[in-house]
Amino acid sequence: MDPKLTEVSQIFERLKAALLRNDFDTASRLLSQLKILLIEFKSLPPLFAETPNAIQELTLARDIYEHAVVLSVKMEDQDAFERDFFQLKPYYTDVGGRLPQSAQEYPILGLNLLRLLVQNRIAEFHTELELLSAKALENPCIKHAVELEQSFMEGAYNRVLTARQTVPHETYVYFMDLLARTVRDEIAGCSEKAYESLRVEDARQILLLSSDQELFDYIKEEHPEWEVKNGWLVFNKVKESSASSKEIPSLQLINQTLSYARELERIV
Amino acid sequence: MTQDVEMKEQQVAFPPSNSASSPTPVLQHLKEIAALIETGAYAREVRRILRAVRLTIALRRKLKVSVISSFLSFALAPGSEAHSRLSSYLPKDDQNDMEVDTATSASQATVKHSSELEIYCYLLVLIFLIDQKKYTEAKACSSASIARLKNLNRRTVDVLASRLYFYYSLSYELTGDLSEIRGNLLALHRVATLRHDELGQETLLNLLLRNYLHYNLYDQAEKLRSKAPRFEAHSNQQFCRYLFYLGKIRTIQLEYTDAKESLLQAARKAPVAALGFRVQCNKWAVIVRLLLGEIPERTVFMQKGMEKALRPYFELTNAVRIGDLELFKTVAEKFSTTFSSDRTNNLIVRLRHNVIRTGLRNISISYSRISLADVAKKLRLDSPNPVADAESIVSKAIRDGAIDATLDHANGWMVSKETGDIYSTNEPQQAFNSRIAFCLNMHNEAVRALRFPPNSHKEKESAEKRRERQQQEQELAKHIAEEDDDDF
């Protein structure tokens, strides 16, 4: 076996051990070492050189980046997740045919979908979705993220939150917690428009908070304009300016009419 | 996806030629075209070469091995590298009816041939090979032609080159190796940009977009598209394709309003003959409009030659219009094979949300007050907790402005507000304005698109008109003569 390959595999074993111990400092230190070592392999993206050890090197590199992604989730570092995921992606798309499929592929792809959802990058979410095959869409990890997006778009927020109990993979919990926060903000925004007032206990239930105190803290932090009056939560709606619709937007009309005249003159 | 490949040039009427004397009229035509290219190359008139390409497309169905090989001997010096290479791609023909022509070709072989003509020969052979479904040879031939093109830098070649790029990509697509040539296409696009070959850039950009979209690489496609230089379109066909790809990218990225505009424009600008392309545009446009909450008119689905292809989309539209989730599900399942071959499956999944919205809007219009349990039942939400689902769905619809209502949590009902008179708002005026702006814009674009080729009024005078004019002149002369007589 190639000495360099052996070295990398040894460090990788130590990285795996550190990950199991949840020793993040050691793990990230080992990971940066590994990344530097990986640069020397010619068979990896973007060079894809046909070396005798290509398959071994590619498999090893894929494993390393998969662990890097998991590590970034455990460290709750979204930027690192994005970087590591993009480094990992070519191993799935460009050399996917040459390697046996990784067991981690779908969980990680699903995780990425979830991240895009949490960051409200819906356009990218759908772009990624287009890349997945019909088989991939059937996978529980991916299906989970896809169904979440649908419930999110429809507004069935309680379904989003029950999904937290049925996470297909332990690493999903971090993003699900983040998602819960996004969902709460959405619900607050919707409730403000939809209700005139709510009983405090109902509001607590709808906003999915566990105690009244939490509710009051949330109101104070996010929506100071809401009022709490003898057990009722009153949303101070911005009074719809019905007066403005009766007013004629004269300046705009004049501009438009003048432009019609100008254009017509050009035609005739 | 392959349907839209062939966007045929409009058939051009043939100039009357005295080909009766020649034994193979097609060969005669080809020679005329060759002459056209020669003059075009000599006078540096790109227009002539463009015309030559159009004439070739019209000849396409009549091409035969014998005709092409005799044309090759006519156009290229026999024994030259290009001649032997191109001949090797052609299948061997038993009946040797080339004798007829050897005399003429031998006499003209001494003529110095332009590189335009050589490239044209590549194009002709390539088209022939693709039509004969000899894709392996077509791939070899197109790769050879691309290699040859790299050493040529002449504006008059650009037109032919852009055609070759197209068939190069097509031959690889037909064998399913589209990803192989991506690097080459990118290199060619770079070269075309450096040489200010705008037609080539346009064609290559489209081919690259097609290449990316073939593998659903929307991200890469959009990055390339947004960074590639844009200029006014040279070819209507290429522009249509560009609009179609742009529409697809935007649809995936949820920019529905822009997507709709591009797709509808592509469908409108496409030549009438390009039915497959227009069907594709319409399919996508229908879905985008549905996603926008619009309901396409029935006439969209009844366009000539498209009824059958658009049928699944028609039923889908119907389900969305009624707002019936069950019906929507059955339609989506019934035509799932069509949708997955059109690769619109994921978009249809997105539509579920619109079906609910429409259903909700119908309920809100019909009832002034309705319990949330009934809303859930009417929407046919199948979930463990339908009332809670309905409540949050309704509240989101209210926030997004889809319905005008309020919720009463304590009693568990939804109260619709009175719908105001829309004519008391500025809404109609805005709609009116956008329509006028559209018409004026269309007129301006039409004026800009008019082209006046030099001396066109002289060419247009046909034989009949000339006779008529001469007759009139004669009569006038006679008349004057008579008047003169009267004077005496």
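Note that the structure is a prediction, hence the values are computed from the model and not measured.

Participant: Would you mind showing me how to read a positive patch on the surface here?
Facilitator: A contiguous patch of positive charge on the surface is contributed by B:R47, B:R51, B:R54 and B:R451. Its place among the elements puts B:R54 in helix α2 (residues 46–59).

Participant: Is there a simple way to think about the confidence of the model for chain B in this case?
Facilitator: Do not read the predicted coordinates in detail wherever pLDDT is low. Put simply, chain B has an average pLDDT of 81, and 86% of its residues get 70 or more. Ignoring residues within four places in sequence, the model shows residues 1–22 of chain B, a span with pLDDT below 50, making 49 contacts including any to other chains.

Participant: Can you help me understand the packing of aromatic side chains in this one?
Facilitator: Any aromatic ring pair is given by two values, namely how distant the centres are and how the planes are angled relative to each other. Here the structure, examined in full by the defined rule, presents 15 aromatic pairs over all chains. On the basis of an interplanar angle of 75° and a centroid distance of 5.3 Å, the ring pair of B:Y168 and B:Y172 is categorised as edge-to-face. Note that B:Y168 and B:Y172 are positioned in helix α8 (residues 155–174) at a spacing of 4 residues, about one turn of the helix. With relative accessibility at 2%, the residue B:Y168 sits in the buried group. In this structure an aromatic cluster arises from ring pairing among A:F81, A:F85, A:F86, A:Y174 and A:F175. A cation over a ring is seen here: B:R230 above B:Y242, with NZ or CZ 3.8 Å from the ring centre. Stacked on the ring of B:W413, the Lys or Arg B:R369 has its end atom at 4.2 Å from the ring centre.

Participant: Just to check I follow, could you spell out the sheet that holds strand β2 (residues 405–408) of chain B for this structure?
Facilitator: Either a parallel or an antiparallel arrangement is found when strands of a sheet pair, and the pairing is made through backbone hydrogen bonds. Residue and element names in this part refer to chain B. Reading across the sheet, the 3 strands line up as β1-β3-β2 and stay open at both edges, with antiparallel pairing between neighbours. The open sheet has two edge strands, β1 (369–371) and β2, and neither has a second partner. Going across the sheet, the axis of each strand differs from the next one's by a mean of 20°, ignoring polarity. Direction of pairing for β1 relative to strand β3 (residues 413–416): antiparallel, over a ladder of 3 bridges. If you follow I370 over to β3, its bridge partner there is M414.

Participant: Just checking my understanding: could you explain the interface of chain A and chain B for this structure?
Facilitator: Taken together, the contact between chain A and chain B spans 39 residues of the former and 38 residues of the latter. Surface buried jointly by chain A and chain B totals about 3,600 Å² across both partners, of which 54% is contributed by carbon and sulfur atoms. When residues of chain A are sorted by the area they lose upon contact with chain B, A:E130, A:E154 and A:Y260 head the list and together hold 19% of the total. Where chain A packs against chain B, one counts 2 salt bridges. The shortest N-O distance in the salt bridge between A:E154 and B:R352 comes to 2.6 Å. Inspection of the region where chain A meets chain B yields 13 residue pairs in polar contact (both at pLDDT 80 or more).

Rules behind the numbers
Residues numbered from 1 in each chain as written. Chains lettered and ligands numbered in written order. Predicted model: local features only at pLDDT ≥ 70, side-chain atom pairs only at ≥ 80, totals over all residues. Heavy atoms only, no water. Patch = residues over 30% accessible without salt bridge, like charges linked within 9 Å, V, L, I, M, F, W, Y side chains within 5 Å. Areas by Shrake-Rupley, 256 points an atom, 1.4 Å probe, with all protein chains shown as cover. Salt bridge = Lys/Arg side-chain N within 4 Å of Asp/Glu carboxyl O. Lys, Arg positive; Asp, Glu negative; His and termini not counted. Charge placed at Lys NZ, Arg CZ, Asp CG, Glu CD. Helix = DSSP H or I, 4+ residues; strand = E, 2+ residues; numbered from the N terminus. pLDDT = per-residue confidence, 0-100. Contact = heavy atoms within 4.5 Å. Phe/Tyr/Trp six-rings, centres within 6.5 Å; stacked < 30°, edge-to-face > 60°. Buried < 20%, exposed > 50% of the residue type's maximum accessible area, 1.4 Å probe, protein only. Lys NZ or Arg CZ within 6 Å of the ring centre and 35° of its normal. Pairing = 2+ DSSP bridges. Axes fitted to C-alpha atoms, helices over the stretch in contact; angles between N-to-C directions. Buried area = accessible area lost by both parts, 1.4 Å probe. Polar contact = N/O pair within 3.5 Å; in protein donor to acceptor, adjacent residues only side chain to side chain.

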